[in-house]
Amino acid sequence: MSLFNKVDELRSEFKQALASSPALSDLERMKQKYLGRKGVLNDLFKKIVEVEAHRRGEFGSLINQLKLDIHDLIEERINDHRSDTLSISAVDVTLPGVEYERGTLHPIESTLRDFKQIFHRLGFAVAEGPEIETQWRNFDALNFPPEHPARDMQDTFFLENDSVLRTHTSPVQVRLMLEEKPPIRSIMPGRVYRNEAIDAGHYCLFHQVEGLYVDKHVTMGELKATLELFCREYFGENVKLRFRPSFFPFTEPSSEMDVSCFLCGGKGCRVCKQTGWLEIGGCGMVDPNVFKAVNIDSEAYTGYAFGMGIERIAMMKYGITDIRLLFENDVRFLKQF
Ligand code: FA5
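Residues numbered from 1 in each chain as written. Predicted model: local features only at pLDDT ≥ 70, side-chain atom pairs only at ≥ 80, totals over all residues. Heavy atoms only, no water.

Engineer: With reference to specific residues and values, describe the environment of Asn 289.
Structural biologist: You can see Asn 289 is positioned in helix H9 (residues 288-293). Residue Asn 289 is classed as partly exposed on the basis of its relative accessible area, which comes to 40%. Asn 289 sits 277 residues away from Ser 12 along the chain, and the two C-alpha atoms are 103 Å apart. In this structure the side chain of Asn 289 is engaged in a polar contact, spanning 3.3 Å, whose partner is the side chain of Asn 143. (Helix = DSSP H or I, 4+ residues; strand = E, 2+ residues; numbered from the N terminus. Buried < 20%, exposed > 50% of the residue type's maximum accessible area, 1.4 Å probe, protein only. Polar contact = N/O pair within 3.5 Å; in protein donor to acceptor, adjacent residues only side chain to side chain.)

Written out as structure tokens, the structure is:
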């Protein structure tokens, strides 16, 4: 058979193969067989030297044409297969994609993270505890007398078996002091619950970050210096801190802490109710009665403690006027942070 006849024979062989509705994998195999580097058409092309010199051009273009035809027909069939698959899965690949919006940190979470980071730099570890506590850890060990108003049904959610939903994170201080020997230097972030009337500034659950430092010779001066450092880091260099005498059963002496209003710079505005100051929490020196309850020698050790409300601080920092917005989780509100 002449080489020219061989080209014709390959063309009809290919057409026959194509007529048998080859699957996608068969088409890939056919591509290799006819068009691959070691395929039949390349083999035939190598035989061009056997063709009479004056017909070699004609032979070459015949093979090239066959190559092009085979290539186009195979590609056409492959595309048919692909569009069949797409129409079966009913995917319209021409539709624009769905854009997923990126979430952001909730303002409470980012405030908690900021607090942890700053106190970490000041040498504080992080301690956590359960939200259901015994009355002993939430009140008695913290020197709350039995008739203290905080134990009232109005303020506390009481549970079965002498338990409560913790009303502050101070029971984690009790846990720590029972478990570890001084020196103890830790913050206790967490969620707390109070059975209070809800309004723009009060919610029935909120977050606190408390801190505790117990060692030999810990002083009130160190407490003030630590809180001043923290406030300057968190609220800014120019913030001023004010301590007002107060009362907590578990600290003596006790203090409320206020920061100068960073919105008006202390001049007085709506947020600070024209006082120039914003209250951020309480603090004081650990009462010897608390040390007694957790078996720490109050003659050998002293300690300070402080506690701040996260929602109120986040509200100040981000200019949020109603605490309830922080719990409704309306995406239109959260998107702003
Ligand atoms: C305490 O809970 C003390 N355990 C804090 C403390 C720790 C004092 C260690 C001394 C030493 P107080 O009840 O004031 O303190 O609450 C602390 C903060 O929680 C308040 O300053 C306020 O920011 C926040 N807070 C209190 N009640 C609510 C509420 N209903 N909703 C939102 N935040 C509240």
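Engineer: Mind laying out the pairing of strand S7 (residues 251-260), listing which residues take part and the relevant values?
Structural biologist: With 8 of 10 residues buried, S7 is to be regarded as a mostly interior element. Of the pairings in the sheet, the one linking strand S6 (residues 241-248) to S7 comprises 7 bridges and is antiparallel in character. Residue Pro 245 lies in a different strand from S7, and its bridge partner there is Ser 255. Counting the residues in the hairpin turn of S6 and S7 gives 2 residues. Relative to strand S8 (residues 277-286), S7 is paired through 8 bridges, and the arrangement is antiparallel. By the bridge assignment for S8, Asp 258 is matched with Glu 279. (Pairing = 2+ DSSP bridges.)

Engineer: Quick rundown of the packing of helix H1 (residues 3-19) against helix H2 (residues 24-35)? Include the residues and the values.
Structural biologist: Taken N-terminus to C-terminus, the directions of H1 and H2 make an angle of 175°; their axes are 12 Å apart at the nearest point. On the basis of their axis angle, the class for H1 and H2 is roughly antiparallel. Taking contact as the criterion, the partners of Leu 10, Glu 13, Phe 14, Ala 17 and Leu 18 in H1 are, on H2, Leu 27, Met 30, Lys 33 and Tyr 34. Considered class by class, the residues forming the contact of H1 with H2 number 7 nonpolar, no polar and 2 charged. (Axes fitted to C-alpha atoms, helices over the stretch in contact; angles between N-to-C directions. Parallel < 35°, antiparallel > 145°, perpendicular 65-115°, else oblique. Contact = heavy atoms within 4.5 Å. Nonpolar A, V, L, I, M, F, W, Y, C, P; charged D, E, K, R; others polar.)

Engineer: An account of the pattern of salt bridges is needed here, citing residue identities and associated values.
Structural biologist: Under the definition given, this model contains 18 salt bridges. Its salt-bridge partner being Arg 29, residue Asp 26 comes within 2.7 Å of it at the nearest N-O pair. With Asp 26 and Arg 29 both in helix H2 and 3 residues apart, this pair spans about one turn of that helix. A salt bridge links Arg 242 to Asp 258; the nearest nitrogen and oxygen atoms lie 2.9 Å apart. Pair noted here: Arg 242 is in strand S6 and Asp 258 is in strand S7, with a separation of 16 residues, a long-range link. (Salt bridge = Lys/Arg side-chain N within 4 Å of Asp/Glu carboxyl O.)

Engineer: Requested: an account of a negative patch on the surface, with residues and values cited.
Structural biologist: The grouping of Asp 72, Glu 76, Asp 80 and Asp 84 at the surface amounts to a negative patch. Take Glu 76: it is sitting in helix H4 (residues 56-88). (Patch = residues over 30% accessible without salt bridge, like charges linked within 9 Å, V, L, I, M, F, W, Y side chains within 5 Å. Areas by Shrake-Rupley, 256 points an atom, 1.4 Å probe, with all protein chains shown as cover. Lys, Arg positive; Asp, Glu negative; His and termini not counted. Charge placed at Lys NZ, Arg CZ, Asp CG, Glu CD.)

Engineer: Tell me about empty space enclosed by the protein, and please be specific about residues and values.
Structural biologist: Following the criterion strictly, the structure yields 1 cavity of 30 Å³ or more and no others. Empty space within the largest cavity amounts to approximately 40 Å³. Considering the residues around the largest cavity, the lining is formed by Leu 142, Gln 173, Met 177, Leu 212, Phe 250, Thr 251, Val 286, Val 290 and Ala 305. Split by residue class, the lining of the largest cavity holds 7 nonpolar, 2 polar and no charged. (1 Å grid on protein atoms, 1.4 Å probe; cavity = no way out; pocket = protein on both sides within 12 Å on 5 of 7 lines; lining within 4 Å. Points joined across faces, edges and corners; volume = space filled by probe spheres on them.)

Engineer: With reference to specific residues and values, describe the sheet that holds strand S1 (residues 125-126).
Structural biologist: Strand order in the open sheet formed by 7 strands is S1-S4-S5-S9-S8-S7-S6, with mixed pairing between adjacent strands. Two strands lie at the open edges of the sheet, namely S1 and S6, each paired on one side alone. Along the sheet, helix H10 (residues 310-318) contacts strand S5 (205-215), S8 and strand S9 (302-309); its crossing angle with S9, the most-contacted strand, is approximately 55°.

Engineer: Could you give an account of the nonpolar core, naming the residues involved and the relevant values?
Structural biologist: Counting 45 residues, the largest nonpolar core has Phe 115, Leu 227, Met 257, Ile 280, Phe 306 and Met 308 as its most contacted members. The biggest single contributor to this core is helix H8 (residues 220-235), with 6 residues. Those residues in contact with Phe 306 that sit more than four places away from it in its chain are Phe 119, Phe 124, Ile 187, Val 209, Glu 210, Gly 211, Leu 223, Leu 227, Met 257, Gly 282 and Cys 283. (Core = buried A, V, L, I, M, F, W, Y, C linked by side-chain atoms within 4.5 Å.)

Engineer: Got a sec to walk through the site of the ligand? Specific residues and values, please.
Structural biologist: Close to the ligand lie 23 residues, the nearest being His 168, Arg 194, Glu 196, Gln 208 and Glu 210. The side chain of Glu 196 places a nitrogen or oxygen atom 2.6 Å from a nitrogen atom of the ligand. Its free accessible area being 680 Å², the ligand has 92% of it covered by the protein chains. If you list the elements that add at least two residues to the shell around the ligand, you get S5, S8 and S9. Its residues assigned to classes, the shell around the ligand shows 8 nonpolar, 10 polar and 5 charged. (Near = heavy atom within 4 Å.)

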